[in-house]
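As a plain string of letters, each chain reads:
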Amino acid sequence: MSASDVKESSFSLPSNMTVRNITSAHQDLLQFIDQNEATSLVLATDLQADISTVQLLEAARIYASTGGKSVSLAEPATGTLLDTLRRSGFLEGMSREDAQFWLHQEEIQ
Amino acid sequence: MSFPDPIAVFRTEAAEVLEQIEAGLLDLNVNLGDKDQVDAVFRGLHTLKGSGAMFGFEALAAFTHHCETAFDRVRKGEVPATRELVTAVLGAKDHMRALVETPTGDHEAASEALLATLRRAVEGSGDGSSAPPAATTSHTPAAVASAASAPKQILYKIRFSLPQNAMANGTNPLPLLDELVDLGECRIVADRSAIPSLDQLFPTDLHIAWDVELLTSQPRAAIEDVFIFVMDEMQLQIDEIEIAAPVAAAVATVASAVQQPVPVVQQAPPPARAASPAPTDAKQAKAAENVRVPAEKLDELMDRVGELVIAQSRLSQLAGSSGDLQLRAVSEDVERLSGELRDTMMVLRMVPVTQLFGRFRRLVHDLSIETGKAIELVMEGETTEVDKSVIERLADPLVHLVRNSCDHGLETPEERLAAGKPEAGRILLSARQQAGEVIITIKDDGRGINKERVRAKAESSGLIPANASLSDQELYQLIFQPGFSTASQVTNLSGRGVGMDVVKRTIDALRGTINVVSQPGQGSEISLAIPLTLAIIDGLLVRVGTGRYVIPLSAVEECLELSVEDDMRSRGRSFISLRDSLVPFIRLRDLFRTGTKPDPFQKVVVTSTGSERVGLVVDQIIGDHQTVIKSMSKLHHDVATFSGATILGDGDVALILDVGHLVAEGQQQEAHLRAAG
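Residues numbered from 1 in each chain as written. Chains lettered and ligands numbered in written order. Predicted model: local features only at pLDDT ≥ 70, side-chain atom pairs only at ≥ 80, totals over all residues. Heavy atoms only, no water.

Cut-off, in case you're wondering: UniProt positions are given in the numbering used here, feature names are shortened, and annotations may be inferred rather than shown by experiment.
Named according to an unreviewed UniProt entry, chain B is Chemotaxis protein CheA originating from Rhizobium deserti. Check the Function (unreviewed entry) section of the UniProt entry for chain B; it says "Involved in the transmission of sensory signals from the chemoreceptors to the flagellar motors. CheA is autophosphorylated; it can transfer its phosphate group to either CheB or CheY."

Per an unreviewed UniProt entry, chain A carries the name STAS domain-containing protein and comes from Rhizobium deserti.

### Here's the deal with the sheet that holds strand β14 (residues 556-562) of chain B
Residue and element names in this part refer to chain B. The condition that has to hold: Pairing between strands is defined by DSSP: at least two bridges between them are needed. The helix and strand labels rest on DSSP assignments: H or I over at least four residues marks a helix, E over at least two residues marks a strand, and numbering proceeds from the N terminus. Note on geometry: axes are lines fitted to C-alpha atoms, helical ones only across the stretch in contact, with angles between N-to-C directions running from 0 to 180 degrees.
As summarised here, the arrangement of the 5 strands in space is β14-β17-β18-β16-β15, forming an open sheet in which the pairing is mixed. Both edges of this open sheet fall to β14 and β15 (575-578), since each of them pairs with a single strand only. Direction aside, neighbouring strands of the sheet carry axes that sit 35° apart on average. Two elements, β14 and strand β17 (residues 602-609), share 6 bridges in a ladder whose sense is antiparallel. Within β17, the position partnered with Cys559 by the bridge is Val605.

### Observations regarding the UniProt feature "modified residue: Phosphohistidine" (unreviewed entry) in chain B
What UniProt calls "modified residue: Phosphohistidine" (unreviewed entry) maps, in this numbering, to His46 of chain B. As for its placement among the helices and strands, His46 of chain B is situated in helix α2 (residues 35-54).

### Concerning the side chain of Arg159 of chain B
All names here are of chain B. For clarity, the cut-off: Buried, partly exposed and exposed residues are distinguished by accessible area as a fraction of the type maximum, computed with a 1.4 Å probe on protein chains only: under 20%, between the cut-offs, and over 50%, respectively. Here a polar contact is recorded for every N or O atom pair within 3.5 Å, except that within protein the pair must consist of a potential hydrogen donor and a potential acceptor, and residues adjacent in sequence are included only if both atoms are side-chain atoms.
Looking at the secondary structure, you find Arg159 in strand β1 (residues 154-161). Residue classification places Arg159 among the buried residues on the basis of a relative accessible area of 15%. Of note is the side chain of Arg159, whose polar atom sits 2.9 Å from the side chain of Asp191.

### Some remarks on the interface of chain A and chain B
The condition that has to hold: Note on contacts: a residue pair qualifies if any of its non-hydrogen atoms lie within 4.5 Å across the two residues. Buried area is a sum: the accessible area each of two parts loses on coming together, probed at 1.4 Å, counted once for each and added. Definition used for salt bridges: Asp or Glu carboxyl oxygen within 4 Å of a side-chain nitrogen of Lys or Arg. Each residue gets one label: Ala, Val, Leu, Ile, Met, Phe, Trp, Tyr, Cys and Pro are nonpolar, Asp, Glu, Lys and Arg are charged, and the others, such as Gly, are polar.
Opposite the 38 residues of chain A that make contact, chain B presents 43 residues. The junction of chain A with chain B conceals about 3600 Å² of combined surface from both sides, 62% of it contributed by carbon and sulfur atoms. Here chain A is connected to chain B by 4 salt bridges. Residues Asp178 of chain B and Arg87 of chain A are paired through a salt bridge, measuring 2.4 Å at the closest nitrogen-oxygen approach. At the junction of chain A with chain B, the criterion picks out 12 residue pairs in polar contact (both at pLDDT 80 or more). Mapped by element, the contributors of at least two residues to the side of chain A that touches chain B are α1 (22-35), α2 (51-66), α3 (79-87) and α4 (96-103) of chain A. No other element matches α2 of chain A, which puts 9 residues into the side of chain A that touches chain B. Split into classes, the residues belonging to the side of chain A that touches chain B amount to 18 nonpolar, 12 polar and 8 charged.

### Points about the nonpolar core
Residues and elements named next belong to chain B. Formally: Throughout, nonpolar core names a set of buried Ala, Val, Leu, Ile, Met, Phe, Trp, Tyr and Cys residues whose side chains join them through atoms within 4.5 Å. Boundaries of every domain are those given by an automatic assignment or by a domain database.
The biggest cluster of nonpolar side chains holds 103 residues, and the ones touching the most others in it are Phe160 and Leu180. When residues in this core are grouped by element, the largest group, 9 residues, is from helix α4 (residues 83-101). Mapped onto the domain boundaries, this core takes at least three residues apiece from domain 1 (6-124) and domain 2 (141-263). Excluding residues that lie within four positions of it along the chain, Leu180 makes contacts with Ile158, Phe160, Cys186, Val212, Leu214, Ile223, Val226 and Phe227.

### Section: the pairing of strand β12 (residues 536-544) of chain B
All names here are of chain B. In terms of burial, β12 is largely enclosed, as 8 of its 9 residues are buried. Two elements, β12 and strand β19 (residues 620-628), share 8 bridges in a ladder whose sense is antiparallel. Note on β19: the bridge partner recorded for Val542 is Ile621. Pairing of β12 with strand β13 (residues 547-552) involves 6 bridges; the strand directions are antiparallel. Across the sheet, the residue bridging to Gly539 is Pro552, located in β13. Counted along the chain from β12 to the antiparallel partner β13, the turn is 2 residues long, and its residue Gly545 has a positive phi close to 65°.

### Remarks on α2 of chain B
All names here are of chain B. Keep this limit in mind: Each helix should span, by expectation, one fewer than its residue count multiplied by 1.5 Å.
Taking 1.5 Å per residue, 20 residues should reach 28 Å; α2 reaches 28 Å between its end C-alpha atoms and fits that length. Of all the positions in α2, only Gln37, Val38, Asp39, Val41, Phe42, Gly44, Leu45, Leu48, Ser51, Gly52 and Met54 are classed as buried. Contact partners of the buried residues in α2: α1 (6-30), α3 (58-75) and α4. Structurally, the start of α2 carries an N-cap: the backbone nitrogen of Asp36 is 3.1 Å from a side-chain oxygen of Asp34. Once α2 ends, the next one or two residues include Gly56, with phi positive near 85°.

Take a look at the structure:
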């Protein structure tokens with residue numbers, strides 16, 4: 001089965017993804033990835049993010065790739081998530097895969 | 001896997017920070033020039049504000065911000081620390097506690113009033129501003145701009161990682177990184193290599209480290225200042241690199257690119273790791289050795305250990321009556337292990353009384369202001385350890401006793417000076433362990449208890465008949481009767497006769513005793529003797545008639561045989577001669593009305609509380625017994641002779657003797673016999 005054959009399932013992240021609420025999001029996301037081959041993460045338009053959000057999504061990428069699955073963002077990071085990535089130094093030294101995941105950028109700019 | 005509720009964790013942490021703030025303020029009040037305490041209070045306020053904002057306690061963060069700002073100004077030498085400021089922030093601290101506990105409550109009016117007091121305190125210290133000082137940080141943009149124009153630029157290579165529980169404890173790394181950015185031209189790279197897989201992730205833990213290149217004219221101390229609140233628990237390495245001007249410009253270009261809204265993605269080599277361990281490694285390792293456990297989990301574990309001890313007791317009994325040697329060997333092993341487990345459990349539950357005593361510094365500070373009396377509080381033996389449940393239940397009685405000492409015990413400054421005493425009254429709060437008990441003493445150097453007034457009040461209220469013959473101790477014990485007060489004035493603090501009876505009830509419930517000593521004009525001393533633990537004790541199992549009873553081993557001094565002849569000789573006297581001193585004894589068979597014949601060789605178990613002794617005559621001493629204390633039912637609440645019950649190995653119930661009560665009864669019996677001649 002080629003990658004294009006895998007049906008992508010959408011998982012909507014809650015709007016509050018800060019450390020206050022991250023625990024429930026963690027459990028739900030873990031279950032969802034377990035049940036699906038390819039997960040597309042839908043970010044809330046009013047997403048509240050902090051460093052725990054970024055860490056959780058990075059952990060999800062590791063988990064999915066270890067299990068031969070995939071995780072992606074439905075839309076590139078914007079708003080507080082992009083701001084958190086920028087302020088916390090995640091945009092520095094990004095690999096091509098990181099740029100694709102977070103920013104949907106194919107080329108290194 | 002279950003995760004702790006971050007809000008609950010924050011509340012726990014906030015309570016600790018608030019205690020630290022209070023302790024710092026009280027220390028500062030003693031020495032207003034103590035810069036370390038100013039820094040400590042400032043750090044506490046800053047932490048509370050930051051973590052409060054992070055966990056959604058916006059009102060707390062906003063309110064705390066004003067106090068933090070005031071202390072920042074003290075820290076910078078812009079305004080002096082004054083007693084008014086300390087008092088204002090102490091009041092504000094209480095309000096912060098309310099904002100933590102009920103964040104959605106209506107706190108606006110109280111906040112305004114407290115901030116007005118704070119404002120006055122700051123103005124009164126010569127500041128001159130009419131509003132709470134605006135937020136200032138060590139590194140404002142203006143300061144940075146000015147620094148940027150300074151000629152000497154240094155490139156710092158910084159690597160840091162925060163403690164794993166930093167986020168759960170309310171430390172947000174982003175403001176720290178922002179503060180670094182404010183210091184100069186900055187390039188920040190997150191090291192995500194330690195982030196685990198999602199199934200291994202504890203989502204409130206932090207697994208990210210940072211490498212930062214900072215070009216600035218600021219000194220190294222300015223960088224350390226960014227981490228001042230987490231310095232003790234984090235790993236931080238700062239290397240200074242001398243650079244030529246063109247390199248500095250290049251770094252500046254890279255750093256400014258970081259600030260662009262559209263990120264620059266580049267294949268940068270991973271930053272070099274620290275070659276040597278950071279100096280805080282040892283501290284972090286030490287911190288990692290401690291685990292925070294909810295108190296109820298300890299109680300749960302204690303209950304399990306209690307059940308295990310009962311089961312072990314049953315096993316021992318079965319093994320004892322069986323001829324199976326292997327079973328006996330296993331039973332002995334289980335007995336040893338359960339004993340060790342019990343001891344370990346006891347140690348886990350022990351906490352130093354400093355946790356209890358700490359709150360009295362504030363109480364005395366406030367009472368000093370309320371009463372207009374100068375009061376010096378001295379604490380001794382704060383490291384003495386007591387079972388945590390005992391500590392919790394001692395708080396209220398001690399508050400009553402300390403209030404009473406401050407309000408009634410200590411004289412006004414004028415009265416003290418007239419009596420040739422120092423102007424400041426002294427209250428000593430001390431703790432020490434003594435034979436299975438902790439003795440907590442509240443001693444003041446005030447006027448002492450007026451025995452005549454106590455007697456008159458007791459007689460007028462019908463507690464004692466007129467001219468009753470009472471020892472000093474019996475007279476003093478009357479002050480613990482409900483509604484008893486000799487105070488001519490009822491104040492906000494005491495004098496209503498409510499409180500001392502609460503002390504008595506609580507100490508009784510803890511199986512403790514109260515001893516009062518007082519000297520007119522010299523002061524009073526109230527000692528509370530409390531068992532070290534309320535859960536499991538070593539007991540001496542005895543038989544009286546057909547019933548079995550437990551005597552707490554900590555109260556047992558020795559055991560003697562009471563021959564039939566001695567028993568006959570002592571009829572009507574109930575004294576035994578023990579190494580030239582007469583010790584009263586109580587025949588438990590008579591007390592319990594067993595209706596059985598005494599054993600031919602009865603035993604006297606000599607027990608004591610403090611310096612007073614009494615012998616308890618029993619039919620048989622069965623042996624030592626690990627006693628899991630079970631509370632008496634409400635129906636038996638008034639039975640003073642017993643402090644609890646326990647389940648024996650064969651399933652029977654044995655009552656635990658209240659030695660304090662029996663000793664008091666024995667002493668009373670002695671006094672009456674002496675009085676009768």
